[in-house]
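# Close look at the chain arrangement
Each chain, letter by letter, is given below.
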Amino acid sequence: MNKYFAGYVTLNTVWSVTDTQARKLTHLNLAFAPMRGGETFMELSDRQLLEIARLRKANPRLAILVSTGGGGDRGHGEATSTPEGLDKLTASTVALVEKYDLDGIDCDWEFPGDTGIPEEKYQHTALFADYRKKLDVLSEKTGKKYWLTTAAGAGEWYLNRTEIGISHQYLDFINLMTYDSNTDSSIAGHHTHLYESKVPGCPRIQSADHNIRIMVEAGVPIEKILIGVAFFSHRWDQVPDENHGLYQPTPFKNMYGPNYTEISLKYEDHMDYIKYWDADACAPYLYNGTTFISYDDPRSVQLKCQYALDHNMGGAFYWVHHDDAGSVLFDTIYDCLNK
């Protein structure tokens with residue numbers, strides 16, 4: 001099968017997707033449409049509509065989806081707590097698809113169960129099912145295919161809080177977030193690595209390989225899973241100078257670091273950082289004796305995409321478009337998936 005190549009772009013940077021890039025993508029997710037009053041809200045400006053029209057002209061086959069919620073949004077659980085609320089939410093999202101002539105929905109309920117309400121596990125499944133039902137009705141009306149995807153958390157916690165082994169039946173594919181795997185942590189380490197590192201001190205098993213395998217074991221066909229690439233980094237400060245900072249305890253938790261464009265143009269060659277490569281984890285990192293930065297580079301991205309090909313995965317996706325202004329990681333994904 002042809003591999004999917006999906007990207008996320010923020011609503012205020014749709015202009016950053018070039019015509020050439022549009023021709024290489026299979027799916028583009030517009031991020032984000034948050035919950036307001038139990039409904040999905042997104043108001044596109046004339047400028048944004050012109051940009052979307054430009055992308056469609058460049059690639060008529062490009063599927064453009066509305067991405068609902070996002071990492072900072074906690075509205076899905078409350079909105080879907082009753083059948084009436086569920087219908088209101090899904091109807092409002094499908095209305096956006098109709099209004100802007102989009103190609104589907106990327107349901108970005110990233111943290112079901114964060115509220116401590118166990119019923120969200122089943123509301124999560126019900127949300128997918130109702131989206132699929134309403135999109136199928138719309139498809140009968142228009143004769144057009146509508147996509148339904150999701151951004152899924154990577155790890156046992158997500159499998160425990162969802163029925164993804166069952167609910168995947170409603171989805172065309174899953175964007176498995178094989179990044180952010182060492183966040184909210186005071187241990188400096190990889191956040192977007194392919195395999196486990198052999199350097200001691202890692203707080204938990206968290207590699208892409210591990211998280212893909214346990215999702216498959218939970219019942220998700222591997223051909224429906226896309227591997228995730230990070231165009232951004234995480235950084236830790238005041239990291240002890242041992243093992244070049246890798247898996248060392250720090251007094252502070254991680255924060256977002258520079259994006260890949262900044263890293264490639266400034267941090268790798270023109271600052272006091274040294275670039276290291278963890279051959280076991282297949283992941284790069286930067287360290288200057290006190291600050292540790294974890295990220296994806298062309299080498300790690302190529303290995304991730306090769307992994308996707310070798311394991312018959314659905315393809316690859318990335319967050320977020322404007323963080324790779326030079327199209328270096330973007331082109332690496334495309335070239336590997338289509339070699």
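For the structure itself, look to the data block above.
What comes next is a walk through the structure. (Residues numbered from 1 in each chain as written. Predicted model: local features only at pLDDT ≥ 70, side-chain atom pairs only at ≥ 80, totals over all residues. Heavy atoms only, no water.)

## Re the overall build of the chain
Counted only if it meets this: Numbering of helices and strands runs from the N terminus, with a helix taken as a DSSP run of H or I at least four residues long and a strand as a DSSP run of E at least two residues long. Three labels apply to residues, based on accessible area from a 1.4 Å probe with only protein chains included: buried if under 20% of the type maximum, exposed if over 50%, partly exposed otherwise in between. Two residues form a contact once any of their heavy atoms are found within 4.5 Å. Positive charge is attributed to Lys and Arg, negative charge to Asp and Glu, and no charge count is given to His or to the chain ends. A charge is said to be at NZ when it belongs to Lys, at CZ for Arg, at CG for Asp and at CD for Glu.
Secondary structure summary: the chain contains eleven helices and 15 strands in total. Relative to its full complement of 339 residues, the chain shows a buried share of 58%. Across the chain, contacts joining residues at least 24 apart in sequence account for 72% of those joining residues at least 6 apart. Side-chain charges in the chain split into 31 positive and 46 negative, and the spacing between the mean points of these groups amounts to 5 Å.

## Side note on the state of the cysteines
Formally: A pair of cysteine sulfur atoms is labelled a disulfide when the two atoms are within 2.5 Å.
Per the counting criterion, the structure on display carries zero disulfides. Of the cysteine sulfurs around C202, a residue in no disulfide, the closest is that of C282, at 15 Å. Judged by its relative accessible area of 26%, C202 falls in the partly exposed class. Sulfur of C336: no disulfide; nearest cysteine sulfur belongs to C305 and is 4.7 Å away. We classify C336 as buried; its relative accessible area is 4%.

## As for the environment of G289
You can see G289 is positioned in the loop between β13 (283–287) and β14 (292–294). Classification of G289 as partly exposed rests on a relative accessible area of 32%. Each C-alpha atom, one on G289 and one on R61, is 48 Å from the other, the two residues being 228 residues apart in sequence. If near-sequence neighbours (up to four positions away) are discounted, G289 is found in contact with V239 and D241.

## Here we look at the nonpolar core
What counts here: Remark: nonpolar core denotes a set of buried residues (Ala, Val, Leu, Ile, Met, Phe, Trp, Tyr, Cys) joined through side-chain atoms within 4.5 Å.
Core analysis: the biggest nonpolar cluster contains 76 residues, and M42, I164, M215, I227 and I333 have the highest contact counts within it. Dropping the residues within four chain positions of it, M215 is found in contact with A152, G153, Y158, L159, I164, I174, L176, V220 and I225.

## What to know about unusual backbone geometry
Here the bond from A31 into F32 is cis, since omega is -5°, no more than 30 degrees from zero. When you line up the elements, F32 lands in strand β2 (residues 27–33). The omega torsion across W319 and V320 is 0°, close enough to zero to call that bond cis. Considering the arrangement of structural elements, one finds V320 in the loop between β15 (315–319) and α11 (328–337).

## Some words on the side chain of K224
For clarity, the cut-off: A pair is scored as a salt bridge if a Lys or Arg side-chain nitrogen falls within 4 Å of a carboxyl oxygen belonging to Asp or Glu. Whenever two N or O atoms come within 3.5 Å, that pair is a polar contact, provided that in protein one can donate a hydrogen and the other can accept it, and provided that, for residues adjacent in sequence, both atoms are side-chain atoms.
Topologically, K224 is positioned in the loop between α8 (208–217) and β9 (225–230). The buried charged residue K224 lacks any salt bridge, with D172 as its nearest oppositely charged partner at 7.1 Å. One polar contact links the side chain of K224 to the main-chain carbonyl oxygen of H168, over a distance of 2.5 Å. Aside from chain neighbours lying at most four places away, what touches K224 is H168, Q169, L171, D172, F173 and I174.

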